[in-house]
Amino acid sequence: MDERIATSVGRGEPASSVDAVYEYDPEIRTYPIPERGTIEIRDCPESIDRQIERASFTVEAQGLYRKSQQAIGPAEEGREYEVLTIRLHDGGSTLRIDATDLVGTVSITPNATVRIDPKVDWEHIFDMLLAVYEQKRSAEYRGVPTDQVLEDGTDLKDVLVILAINFLDGLSTIRRRGFIRDLNVCRVNDMDGRGQIDLEQTLLNQAHGKLQPQWIQNEVDYDNAANSLLQYAGRTLLRLFQDGARDDWSRQHQRIYSELDREVARLEEMGVTSDAQRVGDYHELSVEDLPRQRRYYADALYVSKTILSSSLGHQFSDGRYELSVDYVMNMESLFEEYSQVVLENQLDEISGYDYLGATSEVAMRGSPTVTPFEGEGDVFHQPDHELIEGDETLAVLDSKYYAEGKDPVKRSPSRSRLFSYAYLLEADELGFLCPLMEPKERTVVQSDARLRVVAPQTDAGFSPSAYEAAIHDYLFAVLVEEEPALEIMREVEGPTPDGIETAICLEGVDATALPEVKSMSGPFAYRNKRQFSWSILQMAGRLSWLAGNITEFEDEGNWARDQIELELDDRSPYAYTCVPVFCSDRTRSEEWIDLYFINTGDDGSVESVRVDLRTEPSPP
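Thresholds, definitions, all that
- Residues numbered from 1 in each chain as written.
- Predicted model: local features only at pLDDT ≥ 70, side-chain atom pairs only at ≥ 80, totals over all residues.
- Heavy atoms only, no water.
- Helix = DSSP H or I, 4+ residues; strand = E, 2+ residues; numbered from the N terminus.
- Buried < 20%, exposed > 50% of the residue type's maximum accessible area, 1.4 Å probe, protein only.
- Contact = heavy atoms within 4.5 Å.
- Areas by Shrake-Rupley, 256 points an atom, 1.4 Å probe, with all protein chains shown as cover.
- Pairing = 2+ DSSP bridges.
- Axes fitted to C-alpha atoms, helices over the stretch in contact; angles between N-to-C directions.
- Salt bridge = Lys/Arg side-chain N within 4 Å of Asp/Glu carboxyl O.

Draft legend 1. Spotlight on the overall build of the chain. If you tally the helices and strands in the chain, you get 15 helices and 26 strands. Classification of the 620 residues of the chain by burial places 49% in the buried group. Within the chain, contacts between residues at least 6 apart in sequence are counted, and of these 60% link residues at least 24 apart. Accessible surface computed for the chain: about 30,900 Å², of which carbon and sulfur atoms make up 43%.

Right under this line is the structure:
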């Protein structure tokens, strides 16, 4: 354990809602605090108020200090996020510190920080960032797997590594395709010049006694807003790396730092400059402002703006104190971005097993702008996510990074906003995406619309895999109402519960035949019921691991065959098709066949019947 990280000596009084109490120690570097939590640091020196001011806190009143971060990005222009609030108690000897939902490290004095820990594990924050940056754990950085670069216990330093890797990758693309530059024409009188000689002006120079010819030169200028933003972000990342540098950092850590340092130096050699006074230019800059042929800047600018919006700037101090940079992440924004990535990925997964093409026109839109009044674009609503099919809205969703137990449906502003989105978009499927809530479904009495809290169904808390499964289930539940046959395709080709294996259970037929599930002349038509049931049973014998062949099923398979034919008899072969699916759960030593009947002559509805595959008991 790092001796410079404070250890709590207890909690506050039950009524005080203080999460942890620490004793001040000048050797302590970091004081942990939970997201949206409160801590106390006691027995502080008399100079603590001056030290807090040195760490760039704003003095709101006597004994009250705040640190804020201005948002970067047009959607949040002018907005400031409050990061920390410090109050002095007990005559100034006790600090009470309140954190918001921005997580990271923040200086409270020139030589001490608080580490704001997220509601979910740092490892999951790391996975969210990987998803947002379209990276995978197995992705390699310069031939080295990313997970070898990172530490076993993922924390904020690993997040910075991911930022640095993506920043360097973005710069690599720009370096390969070319930096944005301006060409400025200038004239130089010199004996040793370059460019073209202006003959007329040279003769005039000589007539006036000047022997130097005049050269017309093109000067390349790289110092524009886009390149300046890159350099500013690179310098900030370097400082963050320096603040977190340790003697035991791996060779890969050192390599990333060296490469980052080299890239920033190259930008400086190109004449690119940056400073805090140009933050306004960085704030306004969008990839849409760049020439179309320069849109390859997009990835690098995105990462740079992430760094810019998450760094709280520089704390300058005198004497022995060093320059430092705070770094925080807005968890609401990250979770919203992550949710959009998961929604898009899970929709792609559903489309992957949609053999009928029912989802070919379905798409996820992130932060769509809805203008209720014609010609008044400055009046708009903006839900987080919208599921659309052509011009129709199938579902409207909001991401809510709420603490465990806080139901967004019971919070009037959140509920009202979602209802207004649904009204404007004429949607009857509404959802709140929450990482730490219990899933729940409600029906709106007045309209029969459904409002669901979409959350992982697990007792172990949030994890990316559980959240992805919850999103998949939600999207599937919405889309299967549009095309009921998706239920069959999901069981055959989609995700299944752990330990369960599935396959088409029909002789000579596999998943490639699924586009014909509604065809009355295809492999799933059953006008010859005896032949159809025999084909099912024959395939079940081949797929079974409990029975070596069909003779090892109960009554040599006749019991299961009779059950299948009873179900076939109940439905007209001129109106229905049947898709038999073999299912095996090895953990429970169970096998069965799901018979999916599609009503092709009516509404396309699907019903399923389970037929157990019983095996003869082994002889004693």
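Don't stop here, the text continues.
Draft legend 2. Representation of unusual backbone geometry within the structure. In the Ramachandran plot, Asp43 falls in the positive-phi region, its phi being about 60° despite a non-glycine side chain. Looking at the element boundaries, Asp43 is found in the loop between strand S3 (38-42) and helix H1 (48-54). Residue Asp43 is classed as exposed on the basis of its relative accessible area of 55%. Positive phi is not limited to glycine here, since Glu426 has a value of about 55°. Residue placement: Glu426 occurs in the loop between helix H11 (412-425) and strand S20 (429-433). Since its relative accessible area comes to 71%, Glu426 is described here as exposed.

Draft legend 3. Spatial organisation of the sheet that holds S20. Read from one edge to the other, the open sheet built from six strands follows the order S17-S18-S19-S20-S22-S21, with strand pairing classed as mixed. Every other strand in the sheet has two partners, leaving strand S17 (362-366) and strand S21 (440-443) as the edge strands with one partner each. Averaged over all neighbouring strand pairs, the angle between strand axes comes to 20°, with direction disregarded. With four bridges connecting them, S21 and strand S22 (residues 450-454) associate as antiparallel partners. Across the sheet, Thr443 pairs through a bridge with Arg450, a residue of S22. H11 contacts strand S18 (385-389), strand S19 (392-399), S20 and S22 of the sheet and is inclined by roughly 165° relative to S19.

Draft legend 4. Summary view of helix H2 (residues 122-132). Along H2, 10 of the 11 residues are buried, which leaves the element largely enclosed by surrounding structure. Considered for burial, the residues of H2 that qualify are Trp122, His124, Ile125, Phe126, Asp127, Met128, Leu129, Leu130, Ala131 and Val132.

Draft legend 5. Structural view of the pairing of strand S9 (residues 112-117). The element S9 is extensively covered by neighbouring structure, given that five of its six residues are classed as buried. Of the pairings in the sheet, the one linking strand S2 (residues 30-34) to S9 comprises five bridges and is parallel in character. Counterpart to Ile33 in the pairing with S9 is Ile116. Bridge analysis of strand S8 (residues 102-109) against S9 gives five bridges, and the strand direction is antiparallel. What sits directly across from Ser107, in S9, is Thr113. Here S8 folds back onto S9, and the loop between the two strands holds two residues.

Draft legend 6. Quick look at the pattern of salt bridges. All told, the structure shown has 29 salt bridges when counted by the stated rule. Across the pair Glu288 and Arg295 runs a salt bridge whose closest N-O atoms are separated by 3.7 Å. For Arg295, a relative accessible area of 27% corresponds to the partly exposed category. Where Glu590 meets Arg610, a salt bridge forms, and the shortest distance between an N and an O atom there is 3.6 Å. Remark: Arg610 occurs in strand S26 (residues 606-612) and Glu590 occurs in strand S25 (residues 590-599); sequence separation between them is 20 residues. Taking the relative accessible area as the measure of exposure, Glu590 reaches 31% and is therefore partly exposed. Note on Arg610: relative accessible area 43%, which makes it partly exposed. Salt bridges sharing common partners tie together Glu429, Arg450, Arg452 and Glu481.

Draft legend 7. Broad picture of the environment of Thr306. Within the fold, Thr306 resides in helix H9 (residues 298-310). The spacing of Thr306 and Asn330 is 24 residues in sequence and 9.9 Å in space, taken between C-alpha atoms.

Draft legend 8. Expanded view of the sheet that holds S26. Strand order in this open sheet of four strands is S23-S24-S25-S26, and the pairing throughout is antiparallel. Pairing within the sheet leaves two strands with one partner each, and these edge strands are strand S23 (500-504) and S26. Neighbouring strand axes in the sheet, compared pairwise and without regard to direction, differ in orientation by 25° on average. Direction of pairing for strand S24 (residues 576-585) relative to S25: antiparallel, over a ladder of 10 bridges.

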